[in-house]
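Inside the fold
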Amino acid sequence: MKEKQKPQLDRPERLRSVLDDCRPDTLAIRAGEIRSVEGEHRDPIYATSSFVFTTAREAAARFAMEEPGNIYSRFTNPTVRAFEQRMAALEGMERGVATASGMAAILTTFMGLLQAGDHIVCSRSVFGNTHMLLNKFLRRVGIESTFVDQKDYRAWQQAMQKNTRLAYLETPSNPLCHVSDIQQIADLCHEAGVKLIVDNVFLTPALQRPVDFGADIVLHSATKYLDGQGRCVGGVVCGSDEVMEDVYAFLRTGGAAMSPFNAWVFQTGLETLSLRMQAQCSRAMKLARWLAAQDGINIVHYPGLESHPHHELASAQLRADLEEPLYGAVLSFEVQGDQAAAWRFIDATRVLSITANLGDVRSTITHPATTTHGKLTQEERDSAGIRHNLVRVAVGLEDVADIQDDLCRGLKAAMQGDA
Ligand SMILES: *Cc1c(COP(=O)(O)O)cnc(C)c1O
């Protein structure tokens, strides 16, 4: 062939002009799509550590950031970028930065935006390692934190200091599904010149877009629902170009980067996110209703139940374009009796996996007081409302009748031991 290969009219080029008008379910499948000259339909995995330059001059220009282009996969990889673009589109943010894990997303955000002498206000009901990162490691390098009750607006207000730079919350919280008013907290943050970070792991952008309520930064453990099938560990942070430039600058040097293979898995996971969330949440709703009607269950914590103290707020913060309200796929409940009863409940199940993970198509069951919240003092657990008879279920995609049968086994075992 003498003729040089012509640039192909590739699908992503055709798509670009209409993508901005596309709706979320389309963005989850089409945003960030990439295609090489081979014309493959499924996005390729750029499994390469570095990229080559045609000349020394080009290399110099890339390193000096004078021209765009790939350099090295710690900070420029097309597969990782594709995932970042898709996530940013779904969260309604300008830019995403992917990281090696959810914790790396949180660390990279803090390191990119803070320095010694700065202060963070954080909800008390956050992921255990987030609490540890702030309370132990960041404190050690001169970044102080104040922890507040996530529902206590006045406490948030009073905790703000002159040197406060960031505020941080998760909603709904783990495992009691308490809901924070994002708009209210964002407003008070902005009055104080503070940026609000929301960990959106529990609902994902398929159900809740914190940016619509004023959040400045949204981050994820991609390990959970974004993957959805429990295969890879990863994280992502989304925000404005301006904020993300500082986060990215730390990632480039700090190095907690996402691998191209994991990015590809997450990219693929996003394509089924909204369908999985619909199916898992509707199962969770059925099970929550059923559990609430059982003798032997004291209370069910699920924001979809009208009896949940934050049901209205939870409903108001869902994406307005959902066909039906969906409240997440994690629920917890108190078994009548003590810790032994909760353990009997868990041990009697056969289908559910006994693991503290969530966000998988496989349903999981765990005892928060001795696992995810086991490092807290008794007093901290009491004030958080995490009792010894509390059991948490993250509902997956198995037939809801089989999950219910499994919970029946648990309930029977919990009650029999009581007699
Ligand atoms: C799992 C999780 C994290 C941490 O993510 P990793 O991927 O495990 O590092 C942070 N926040 C929440 C709410 C989580 O569930």
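Residues numbered from 1 in each chain as written. Predicted model: local features only at pLDDT ≥ 70, side-chain atom pairs only at ≥ 80, totals over all residues. Heavy atoms only, no water.

Among the nonpolar cores identified, the biggest contains 86 residues, and Phe83, Leu196, Tyr302, Leu331, Phe333, Phe345 and Leu407 are the most heavily contacted of them. Among the elements that line this core, the one with the most residues is helix α12 (residues 273-292), at 9 residues. If we ignore the near neighbours within four places in the chain, the residues touching Phe83 are Ala98, Ala222, Leu226, Gly235, Val236, Met258, Ala263, Phe266, Gln267 and Leu270. Judged by nonpolar contacts, the second largest core, of 26 residues, contains Ile106, Leu114, Cys122 and Met244. (Core = buried A, V, L, I, M, F, W, Y, C linked by side-chain atoms within 4.5 Å. Buried < 20%, exposed > 50% of the residue type's maximum accessible area, 1.4 Å probe, protein only. Helix = DSSP H or I, 4+ residues; strand = E, 2+ residues; numbered from the N terminus. Contact = heavy atoms within 4.5 Å.)

Below, the discussion takes up the site of the ligand. Around the ligand sit Ser101, Gly102, Met103, Phe127, Glu170, Asp199, Val201, Ser221, Thr223, Lys224 and Gly234, and those are all the residues in its vicinity. The separation between a nitrogen atom of the ligand and a polar side-chain atom of Asp199 is 2.7 Å. One of the side-chain nitrogen or oxygen atoms of Ser221 is found 2.8 Å away from an oxygen atom of the ligand. Across the complex, the protein chains shield 89% of the 380 Å² of accessible surface that the ligand would expose by itself. Residues that form the shell around the ligand fall into these classes: 3 nonpolar, 5 polar and 3 charged. (Near = heavy atom within 4 Å. Polar contact = N/O pair within 3.5 Å; in protein donor to acceptor, adjacent residues only side chain to side chain. Areas by Shrake-Rupley, 256 points an atom, 1.4 Å probe, with all protein chains shown as cover. Nonpolar A, V, L, I, M, F, W, Y, C, P; charged D, E, K, R; others polar.)

What follows concerns the layout of surface pockets. If a probe as big as a water molecule is rolled over the atoms, it shows which places are left empty. Taken as a whole, the largest pocket encloses approximately 1,100 Å³ of empty space. Surrounding the largest pocket, 46 residues form its lining, Val126, Phe127, Gly128, Thr372 and His373 being those nearest its centre. When residues of the lining of the largest pocket are traced back to their parent elements, those giving at least two are α5 (102-113), α6 (128-140), β6 (217-221) and α15 (378-384). No other element matches α6, which puts 7 residues into the lining of the largest pocket. (1 Å grid on protein atoms, 1.4 Å probe; cavity = no way out; pocket = protein on both sides within 12 Å on 5 of 7 lines; lining within 4 Å. Points joined across faces, edges and corners; volume = space filled by probe spheres on them.)

One turn of the α-helix equals 3.6 residues, which is why residues spaced by three or four share an orientation. Within the span of helix α3 (residues 56-63), buried status applies to Glu58, Ala59, Ala61 and Arg62. Viewed end-on, α3 has its buried residues packed into an arc of 165°, placing them on one side of the element. Opposite the buried face of α3, by more than 90 degrees, sit the exposed residues Ala56 and Arg57. One or two residues past the end of α3 sits Met65, with phi positive at roughly 60°. (Arc of directions from axis to C-beta.)

This part is about the pairing of strand β5 (residues 195-199). Most of β5 is tucked away: 4 of the 5 residues are buried. Note: strand β4 (residues 164-170) against β5, 5 bridges, orientation parallel. Considered in β5, the bridge of Leu166 is made with Lys195. Pairing analysis gives 3 bridges linking β5 to β6, with the strands arranged parallel. Bridge pairing in β6 links Asp199 to Leu219. (Pairing = 2+ DSSP bridges.)

Moving on: the sheet that holds strand β1 (residues 95-99). Pairing within the open sheet is mixed, and its 7 strands lie in the order β1-β7-β6-β5-β4-β2-β3. Looking at which strands have only one partner, the edges of the open sheet turn out to be β1 and β3 (144-148). Each neighbouring strand pair of the sheet contributes to a mean axis angle of 20°, computed without reference to strand direction. As paired elements, β6 and strand β7 (residues 235-239) share 4 bridges and run antiparallel to each other. Bridging from a neighbouring strand, His220 pairs with Val236 of β7. Packed on one face of the sheet, α6 meets β2 (119-123), β3 and β4 and runs near 150° to β3. (Axes fitted to C-alpha atoms, helices over the stretch in contact; angles between N-to-C directions.)

Looking at the secondary structure, you find His178 in the loop between β4 and α8 (182-191). For His178, a relative accessible area of 15% corresponds to the buried category. Every residue in contact with His178, bar those within four places of it in the chain, is listed here: Gln150, Lys151, Thr171, Pro172, Ser173, His308 and His310.

Another aspect to go through is the packing of α5 against α6. Where α5 contacts α6, the axes come no closer than 10 Å and their chain directions differ by 40°. For the element pair α5 / α6, the angle class is oblique. You can see that α5 and α6 cross each other, and the crossing is right-handed. Side by side, α5 and α6 meet where Met103, Ile106, Leu107, Phe110 and Met111 of the first sit next to Asn129, Thr130, Leu133, Leu134 and Leu138 of the second. Classifying every residue of the contact of α5 with α6 by side-chain character gives 8 nonpolar, 2 polar and no charged. (Parallel < 35°, antiparallel > 145°, perpendicular 65-115°, else oblique. Left-handed = near helix turned anticlockwise from the far one by under 90°.)

With mixed pairing, 5 strands are arranged side by side in an open sheet as β8-β9-β12-β11-β10. Strands at the two margins of the open sheet, each flanked by one partner only, are β8 (297-301) and β10 (353-354). As judged from the 3 bridges shared by strand β11 (residues 364-366) and strand β12 (residues 390-394), these two strands associate in the antiparallel manner. For Thr366, the partnering residue across the bridge sits in β12 and is Arg392.

Confidence in the prediction for the protein chain averages 94 pLDDT; 97% of positions are at 70 or higher. This stretch, residues 5-9, has a pLDDT under 50; its non-local contacts, to residues over four places away or in other chains, come to 4 contacts. (pLDDT = per-residue confidence, 0-100.)

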